[in-house]
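Read off the chains here:
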Protein chains: 4
Amino acid sequence: MTIQTAVLIETLTALGAEVRWCSCNIFSTQDHAAAAIARDSAAVFAWKGETLEEYWWCTEKALDWGPGGGPDLIVDDGGDATLLIHEGVKAEEEYERSGKLPNPNETENAEFRIVLSIIKEGLLIDPKRYTRMKDRLVGVSEETTTGVKRLYQMHANGTLLFPAININDSVTKSKFDNLYGCRHSLPDGLMRATDVMIAGKIAVVCGYGDVGKGCAAALKAAGARVIVTEIDPICALQALMEGIPVFTLEDMVAEADIFVTTTGNKDIIMVSHMKQMKNNAIVCNIGHFDNEIDMLGLETYPGIKRITIKPQTDRWIFPETNRGIIVLAEGRLMNLGCATGHPSFVMSCSFTNQVIAQLELWKERGSGKYEKKVYVLPKHLDEKVASLHLGKLGAKLTKLTPDQAAYISVPVEGPYKPPHYRY
Amino acid sequence: MTIQTAVLIETLTALGAEVRWCSCNIFSTQDHAAAAIARDSAAVFAWKGETLEEYWWCTEKALDWGPGGGPDLIVDDGGDATLLIHEGVKAEEEYERSGKLPNPNETENAEFRIVLSIIKEGLLIDPKRYTRMKDRLVGVSEETTTGVKRLYQMHANGTLLFPAININDSVTKSKFDNLYGCRHSLPDGLMRATDVMIAGKIAVVCGYGDVGKGCAAALKAAGARVIVTEIDPICALQALMEGIPVFTLEDMVAEADIFVTTTGNKDIIMVSHMKQMKNNAIVCNIGHFDNEIDMLGLETYPGIKRITIKPQTDRWIFPETNRGIIVLAEGRLMNLGCATGHPSFVMSCSFTNQVIAQLELWKERGSGKYEKKVYVLPKHLDEKVASLHLGKLGAKLTKLTPDQAAYISVPVEGPYKPPHYRY
Amino acid sequence: MTIQTAVLIETLTALGAEVRWCSCNIFSTQDHAAAAIARDSAAVFAWKGETLEEYWWCTEKALDWGPGGGPDLIVDDGGDATLLIHEGVKAEEEYERSGKLPNPNETENAEFRIVLSIIKEGLLIDPKRYTRMKDRLVGVSEETTTGVKRLYQMHANGTLLFPAININDSVTKSKFDNLYGCRHSLPDGLMRATDVMIAGKIAVVCGYGDVGKGCAAALKAAGARVIVTEIDPICALQALMEGIPVFTLEDMVAEADIFVTTTGNKDIIMVSHMKQMKNNAIVCNIGHFDNEIDMLGLETYPGIKRITIKPQTDRWIFPETNRGIIVLAEGRLMNLGCATGHPSFVMSCSFTNQVIAQLELWKERGSGKYEKKVYVLPKHLDEKVASLHLGKLGAKLTKLTPDQAAYISVPVEGPYKPPHYRY
Amino acid sequence: MTIQTAVLIETLTALGAEVRWCSCNIFSTQDHAAAAIARDSAAVFAWKGETLEEYWWCTEKALDWGPGGGPDLIVDDGGDATLLIHEGVKAEEEYERSGKLPNPNETENAEFRIVLSIIKEGLLIDPKRYTRMKDRLVGVSEETTTGVKRLYQMHANGTLLFPAININDSVTKSKFDNLYGCRHSLPDGLMRATDVMIAGKIAVVCGYGDVGKGCAAALKAAGARVIVTEIDPICALQALMEGIPVFTLEDMVAEADIFVTTTGNKDIIMVSHMKQMKNNAIVCNIGHFDNEIDMLGLETYPGIKRITIKPQTDRWIFPETNRGIIVLAEGRLMNLGCATGHPSFVMSCSFTNQVIAQLELWKERGSGKYEKKVYVLPKHLDEKVASLHLGKLGAKLTKLTPDQAAYISVPVEGPYKPPHYRY
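Cut-off values and rules
- Residues numbered from 1 in each chain as written.
- Chains lettered and ligands numbered in written order.
- Predicted model: local features only at pLDDT ≥ 70, side-chain atom pairs only at ≥ 80, totals over all residues.
- Heavy atoms only, no water.
- Least-squares fit on C-alpha atoms with pLDDT ≥ 70 in both.
- Contact = heavy atoms within 4.5 Å.
- Pairing = 2+ DSSP bridges.
- Helix = DSSP H or I, 4+ residues; strand = E, 2+ residues; numbered from the N terminus.
- Axes fitted to C-alpha atoms, helices over the stretch in contact; angles between N-to-C directions.
- Buried area = accessible area lost by both parts, 1.4 Å probe.
- Salt bridge = Lys/Arg side-chain N within 4 Å of Asp/Glu carboxyl O.
- Polar contact = N/O pair within 3.5 Å; in protein donor to acceptor, adjacent residues only side chain to side chain.
- Nonpolar A, V, L, I, M, F, W, Y, C, P; charged D, E, K, R; others polar.
- Buried < 20%, exposed > 50% of the residue type's maximum accessible area, 1.4 Å probe, protein only.
- Right-handed = clockwise from strand over helix to strand, strands pointing away.
- UniProt positions renumbered as here; feature names shortened; annotations may be inferred.
- Phe/Tyr/Trp six-rings, centres within 6.5 Å; stacked < 30°, edge-to-face > 60°.
- Parallel < 35°, antiparallel > 145°, perpendicular 65-115°, else oblique.
- Left-handed = near helix turned anticlockwise from the far one by under 90°.
- Domains from an automatic or database assignment.

*Asks:* What's the story with the relation of the copies chain C and chain B in this structure? I'm lost.
*Replies:* Between the two copies of the chain lies a relationship made up of a rotation around an axis and a movement along it. For these two chains of identical sequence, chain C goes onto chain B by a turn of 180° and a shift of 0.1 Å along the axis, with RMSD 0.1 Å. With respect to symmetry, the two chain copies, as superposed, fit the operation of a two-fold axis. Measuring from the rotation axis to each C-alpha of chain C, the shortest distance belongs to C:Arg225, at 4.9 Å. Take the interface residues of chain C: 100% of them recur as interface residues in chain B, which is what a same-surface contact looks like.

Laid out in structure tokens, this is it:
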């Protein structure tokens, strides 16, 4: 719930939507943006520094339109709204079948326990709420790599309850927001949180996907020596072609000054790694969840001391060595926690995809064009998103002649590339 | 037919193949490489500086294994061998049906006239030669964007005569050879041909695909001011995010010092553009054919004077202005014509794909796995190509734990990415 | 008075000094740093957001050690303490000679009026105070280009009252702090103040000295298109060799998105320029004083409206066009006003020069080595500053053999370069 | 004796000079340039691939204007013409005093033996030749770091026989030719000599002066991982700020793929290092003489095998390991030996300094302005050289107002910087 989101909400409202909104991250709300939207445009359930309980309470409230109300469409970011509805429907079906309520104590995952608790309480009041919701829902458009992964799994399992448009894999999202957004926001977060000089430092970037590429480029440009860790040989070879060595975390853990996780996976930097780091090494995550860094291991390490230098910047001191490491944003996304996320221009590319997807879902709501599957936007809409952003930067496109278009077998107006084109 | 090709031939030979070889470009043969292979490993029909007639004669000879002979498989680069066989079969079928011979004068395309002449002559001697060839052929693996485009057209039309593997769209080909290969070979060609200082100059790169991205990166790194022309708004936006303005050729034609075409299209720099250029502007092509630059328009311009400064470096002087422009490699691929093509390491990535494709086609020759369609190599083979090249550069990959692999739903050994992943 | 200054104060204290301190900039004090030093180490007269009157009051207080007290040495940054003493002595001499007090109304410069007022008031209480101060002073070490320029003028005029060491022209200061410090702090300030996406934007950097070089490098690396303005043909040619065009401000004023002054001169961006800028163009100064930008012209522009978006980030709206421009830090140094100045590592290079200069001045206080002139530190001390910073970055130097040292005519232990060497 | 030199000769001729010319390097003559000049403009004694005997014979011939002839002025590059005259005069004085002829066998330096032989032979014919020459000479302008070092030594010893202008330390020479020239010519030489892919490789650059900075920048931009070796802590810290680690050669010798010497010193890469290198490691020098690399040690290594792959590209195979290293240009300047030296634009900066220096020496030949000392060109001439090159690159300078000029205490027309300014 940032200023960029606020403009997205205003856009949807201007297009005729009624909007209810919550955040996708406990630290990322900009309270001034939330306040402005709450005053002018939409119901907002979000503030900076929510607890996890508050977070899920907000999510539930944002979905609650009252009797006979929506939602018709979901704009999702990380997939938590979608998750809540799917889990809600599952619980309601089980309850209808067997009368059994969900049991929050069955799960070891602390956050999922909260989800089940919320569903359980709701079920006692209204046992058909999520079922009505999914029946009404025209579809969801999802923003992130992580949320999209969940959708494809449900699609594959046949458990997806409504159509979904994968925004993340629009070229104008993943190759812009993930790459250029992070190239901007990683140094921004590092500087605001620590004021550290990046030049001359050794920085390890775990993962060389779009996010990792953006981070590595920014660190290199700022004068750091960058090392990448990778599991994927192709991405590893890309790093090498850019002059970036590829080693394992173990090779570098005692030498590097800055560690950044960008993998979208879990258990990347463990407490056993952090123990070996140099004094005042900086550890942060710009990948997806706080489980890229072993925060649980760190918090429960015997004798560890935590000194909060300022909010979202903590020094954790190991008792054996008396060396401390600096962990940003409690292991959550540091660009959102320590800075202000991605800048407006690149978010505009992402959110234009969202708006186009919402329009498309709504326009086709009765046509049967979209089944309970995951779709990406067609390439001509992806190209349209890019087109809409060229004017601001003063660009002038060349136009194909009909003859040239025929020669390379594309329409004059595009789309210009085959679906497998990688940009 | 370069030293890299020579190693490819030796590899195929070591794997048990008998090989006959020709070049894919009239200027690109390295005679010492051809001589060494001719002595030791394979029949070679190629030399630097062929005429177009000689070129097609060579292609025919490379395909001619004598009675009862091959080929079983084709390694193609640009698709000319594949074209000759398809045109040959078409002519033989027409001849069988109607007794009509191909008529070279029916086409206005000078090069295609030569193709038809060769087929016509062959038809009089052996009217079933190409038909027998296609019956025997297990398949082709094709190297280039241009060749692949032809294959997909035949695939779409249902006219493809044997299975084809598209090497170009392996990540380890298009995102390496096209990008990093050209980043290396563009300045190499410019320097060898002209000795010009790139720093400080204004350079226009027409097209910002993989080849254009490599060229723009090289020119920028060398200190040029780079401007890109593009038809595709997404690629244009990528250029802008890298600080490269996007204008039309008309905007820049009178200002720039260096012009490079990388589009894979025709009619990019016309003689009307070249007239307006500054004295001693350099014009070259690293895209696909010599028709990116309007060589015909230049050659037939009334009163134009051509001064060959050295082979592949010509100054063309316009009579009205007495200004000259420098055209490299007669408009053909300047990295092959003026330098030595792409360096071995990146060619090894491409050619490992070729070898793997040939092995796959041969292994599955009786299995029916491959129909008369175009295929890309499966991702695990693409990743294997990358893996085989990491050791040379001293890289160490990280290994997923089974738990991590499960978390992101991939096998521990890969492949690690969904098919639509863009790298 | 930042955290880096705090460490400098602690260092001087640990070396045996008693310290009194004030800031050199009304916006740059970090109050937590000032508070910590005030508690533990020294008398501090500084807070964030001083008025100009407060600023000079602080300067006077920092110099006031009471009867029989210091200072013995001055660490100066911009030269204001040195200025106050020189102006004080001048006034005292005039007063002694003619009985005339300084007349603040004689000057049109608002800030200098404050200086004269302070001196005048002091004179009435103690007419020999600055004279005693200069008699006692062993010397000053000066940090900045601007302060050094004043010193050389006084040196040339024969009016310098005590020895001065020019820290700014130590290589380890001007080629590090000015260059790499600004490469870090310019984007830092831009991001914190505006959250603007730098990629894709057009940025004009006025001046391509060390500061301008650092700024241009940072903006380029972040994906901006950079244009430089210069008066000096050599610096202009350097920009061009890096692929950066050199135009005048007038050429770019209506096109660019970001304007940065780095010149050390005045009247660089005038209100007449600002009127022509695009809506929401960003204007900031990282050069020396707020007179690089015509703040007076802006503030007094008829009908102008100022909206303070947040402290140090103001939008000024022109009545004719209703377009607004964003001015950072009220035209003062934006890296100090909008961010936290330069990071510790590079400040450590600068401040090590300061400490070495102070030690040198003190050690030689009775020897007559330093006259009332401006000196730079000898090269072996400059090299020593660098040496002290290599270990932190894990560097290993090569050692000359005696034979090699003789061959290039330098001592084995350095210094290694002639005085005119430019690095 | 390259095409750039040819234009310098034509310029001097057009200004009224009669010119005789020789090369400064046995490999660097471009025979077509020499032939054109010999036909049209001047007496030339130079060809590609001279022996050392031939080289000094050429030098002597270039200085021999016959009875009553010149030279009046010397344009020197490396200082060999100046050396020959100084040694000649020394020998003639000794001969006059004692009747003793120089004894070539007294020196162990093979090249100096040749110099003494030539002088000895000349002495028997004309015992006053060099004495008359130095009496007539108005002065020399010297191009290189190495030549300048010799001049300053003679200046310091009081043995300099005529005035000398140090061109090398004009900003428009050392910060352009040395830096940007090498950034261009190092990859050019590597590519022409070896066709090696630079991306992904580990490259050690010995020395991080102007030449080393250019080389490191080029290698980094091409995708290599660059490591620098340095003796000077300041230059080392500069490398680190650019993200380049500083280690010793010993640390990297077994790991790196490419080694480049840029030090201006001797004995940098010894045969003991070369033995430890990886198979096919590339070793080259772009610094000054062939003694940066221990060519003597390599040539005399027991059992070593040399395979000349092509002229200036040799593979040296060590008998113990059977590993070979590739040495370029026999250890001499690889950009001259393997490519065509520096491009015209940057040479034009250097040579404009030469021409201006020659004009200055000639204009002041009777004025006594220049004594037997070493001078640099005044800054306004340095700025003039830059100015003359801006138009070609389309730059537009900003003009100071008189008010601004007064504010920073410089003339409106420049020079704009103090003498110690480092650019």
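*Asks:* Just to check I follow, could you spell out the sheet that holds strand β13 (residues 374-376) of chain D for this structure?
*Replies:* Strand pairing in a sheet is mediated by backbone hydrogen bonds. Such pairs are either parallel or antiparallel. Residues and elements named next belong to chain D. Read from one edge to the other, the open sheet built from four strands follows the order β3-β4-β5-β13, with strand pairing classed as parallel. Strands with a single pairing partner mark the edges of an open sheet, and in this sheet they are β3 (73-76) and β13. Each neighbouring strand pair of the sheet contributes to a mean axis angle of 25°, computed without reference to strand direction. Pairing of strand β5 (residues 164-166) with β13, which is carried by three bridges, proceeds in the parallel orientation. In the strand pairing of β13, Ile-165 is matched with Tyr-375. Along the sheet face, helix α7 (residues 145-157) touches β4 (139-142), β5 and β13 and points at about 130° away from the line of β13.

*Asks:* Explain the interface of chain C and chain B to me, please; I cannot follow it from the model alone.
*Replies:* Contact with chain C, which involves twelve residues of that partner, is made by twelve residues of chain B. Carbon and sulfur atoms make up 65% of the surface buried where chain C meets chain B, a total of about 870 Å² over both sides. Connecting chain C to chain B are zero salt bridges. At the junction of chain C and chain B, the tally comes to four residue pairs in polar contact (both at pLDDT 80 or more). Across the side of chain C that touches chain B, the residue classes tally to seven nonpolar, three polar and two charged.

*Asks:* What exactly am I supposed to notice about the pairing of strand β9 (residues 281-285) of chain B here?
*Replies:* Each regular strand shows side chains that alternate between the opposite faces of the sheet. Residues and elements named next belong to chain B. Taken across its five residues, β9 has five buried, putting it largely inside the fold. One ladder, built from four bridges, connects strand β8 (residues 258-261) with β9; its direction is parallel. Of the residues in β9, the one forming a bridge with Ile-258 is Ile-282. For the crossover that starts at β8, traverses helix α13 (residues 271-276) and ends in the parallel β9, the hand is right-handed. Judged from the three bridges that link them, β9 and strand β12 (residues 324-328) form a sheet pairing that is parallel. By the bridge assignment for β12, Ile-282 is matched with Ile-326.

*Asks:* Got a minute to help me understand the interface of chain A and chain B in this structure?
*Replies:* Accessible area lost upon the coming together of the parts is a frequently used measure of interface size. Between chain A and chain B, the residue contacts involve 67 residues of the former and 67 residues of the latter. With both sides pooled, the region where chain A packs onto chain B buries about 6,200 Å², and carbon together with sulfur makes up 59% of that total. Put simply, chain A and chain B have eight salt bridges between them. The tally of links from chain A across to chain B stands at 32 residue pairs in polar contact (both at pLDDT 80 or more). Elements that contribute at least two residues to the side of chain A that touches chain B include exactly α7 (145-157), α8 (171-174), α9 (177-194), α10 (210-221), α11 (233-241), α16 (344-363), α17 (379-390) and α18 (402-407) of chain A.

*Asks:* How do you make sense of the UniProt feature "domain: S-adenosyl-L-homocysteine hydrolase NAD binding" (unreviewed entry) in chain A when you look at a structure like this?
*Replies:* Under the local residue numbering, the UniProt record ascribes the feature "domain: S-adenosyl-L-homocysteine hydrolase NAD binding" (unreviewed entry) to residues 178-341 of chain A. Between the first and last C-alpha atoms of residues 178-341 of chain A the distance is 11 Å; the span itself is 35% helix and 21% strand.

*Asks:* When you look at the packing of aromatic side chains in this model, what are you seeing that I'm missing?
*Replies:* Aromatic ring pairs are described here by two measures, namely the spacing of the ring centres and the angle between the planes. What the rule picks out here adds up to 24 aromatic pairs over all chains. Between A:Tyr55 and A:Trp56 the ring centres are 5.4 Å apart and the planes differ by 90°, which places this aromatic pair in the edge-to-face class. The class for A:Tyr55 is buried, based on a relative accessible area of 4%. Accessibility expressed as a relative area gives 2% for A:Trp56, which makes it buried. Both rings, one in C:Tyr370 and one in C:Tyr375, keep their centres 4.7 Å apart while their planes meet at 85°; by these two values the pair is edge-to-face.

*Asks:* Help me understand unusual backbone geometry, please; the structure alone is not making it clear to me.
*Replies:* One can expect most non-glycine residues to show negative phi and most peptide bonds to be in trans. For the peptide bond that leads from C:Gly414 to C:Pro415, omega is 0°, which places it in the cis range. Inspection of the secondary structure puts C:Pro415 in the segment after α18 (402-407). The peptide bond linking D:Gly70 to D:Pro71 adopts the cis configuration, its omega dihedral lying at 5°. Among the structural elements, D:Pro71 can be located in the loop between α3 (52-63) and β3. Although it is not a glycine, A:Glu330 adopts a positive phi angle of roughly 55°. Positioned with a positive phi, B:Gln312 is a non-glycine residue whose angle comes to about 75°. Looking at where B:Gln312 falls in the secondary structure, it is placed in the loop between β10 (305-310) and β11 (313-317).

*Asks:* Mind showing me how you'd approach the relation of the copies chain A and chain B here?
*Replies:* Between chain A and chain B, the superposition needs a rotation of 180° and an axial shift of 0.0 Å, giving an RMSD of 0.0 Å. Both copies present the same face, since 100% of the interface residues in chain A are matched by interface residues at the equivalent positions in chain B.

*Asks:* Teacher, can you tell me more about the sheet that holds strand β13 (residues 374-376) of chain B here?
*Replies:* All names here are of chain B. Reading across from one edge, β3-β4-β5-β13 is the order of the four strands in this open sheet, with parallel pairing throughout. Two strands bound the open sheet, and with one partner strand each, they are β3 (73-76) and β13. With strand direction ignored, the average angle separating the axes of adjacent strands in the sheet is 25°. Packing of helix α4 (residues 80-98) onto the sheet brings it into contact with β3 and β4 (139-142), and relative to β3 it is tilted by some 130°.

*Asks:* Just checking my understanding: could you explain the packing of α4(B) against helix α6 (residues 129-136) of chain B for this structure?
*Replies:* When two helices pack together, their arrangement is captured by the angle between the axes and the distance separating the axes. Residue and element names in this part refer to chain B. Following both chains from N to C, one finds α4 and α6 inclined at 125°, their axes separated by 8 Å at the closest point. On the basis of the axis angle, α4 is oblique to α6. Seen from above, α4 lies across α6 with left-handed handedness. Across the interface between the two elements, Leu-84, Ile-85, Gly-88, Val-89 and Glu-92 from α4 touch Arg-129, Tyr-130, Thr-131, Met-133 and Lys-134 from α6. Looking at the contact of α4 with α6 residue by residue, the classes come out as five nonpolar, two polar and three charged.

*Asks:* For this particular structure, what's the right way to read α11(A)?
*Replies:* Side chains three or four residues apart in an α-helix point the same way, a direct result of the helix having 3.6 residues per turn. Residue and element names in this part refer to chain A. Of all nine residues in α11, nine are buried, a share of seventy percent or more. Pro-233, Ile-234, Cys-235, Ala-236, Leu-237, Gln-238, Ala-239, Leu-240 and Met-241 are the residues of α11 that are buried. For α11, the side-chain oxygen to backbone nitrogen distance between the N-cap and Ile-234 is 2.8 Å, and the N-cap itself is Asp-232. Positive phi appears at Gly-243, one or two residues downstream of α11, with a value of about 85°.

*Asks:* How do you make sense of the domain arrangement of chain A when you look at a structure like this?
*Replies:* Residues and elements named next belong to chain A. Domain annotation of chain A identifies domain 1 (3-169 + 343-381) and domain 2 (182-338). With nine residues of domain 1 at the contact, the number on the domain 2 side is ten residues. Summing both partners gives a buried area of about 790 Å² for domain 1 against domain 2, and 61% of it is carried by carbon and sulfur. At the junction of domain 1 with domain 2, the criterion picks out zero salt bridges. On the surface where domain 1 and domain 2 come into contact, there are one residue pair in polar contact (both at pLDDT 80 or more). Taken together, the residues of the side of domain 1 that touches domain 2 sort by class into four nonpolar, three polar and two charged.

*Asks:* Hey, could you run me through the pattern of salt bridges in this one?
*Replies:* As a working rule, side chains carrying opposite charge can pair if their charged atoms are close by. Applying the stated rule across the entire model yields 96 salt bridges over all chains. A salt bridge links B:Lys61 to B:Glu60; the shortest N-O distance between them is 3.8 Å. On the basis of relative accessible area, B:Lys61 is assigned to the partly exposed category, the value being 24%. By relative accessible area, which is 9% here, B:Glu60 ends up buried. Linking B:Lys128 and B:Glu96 is a salt bridge whose minimum nitrogen-to-oxygen distance equals 2.9 Å. Taken together, the residues span a long stretch of sequence, with B:Lys128 in the loop between α5 (110-125) and α6 and B:Glu96 in helix α4 at a distance of 32 residues. Given a relative accessible area of 33%, B:Lys128 falls into the partly exposed group. Among the charged side chains, a salt-bridge network with shared partners connects A:Glu60, A:Lys61, A:Asp64 and A:Arg129.

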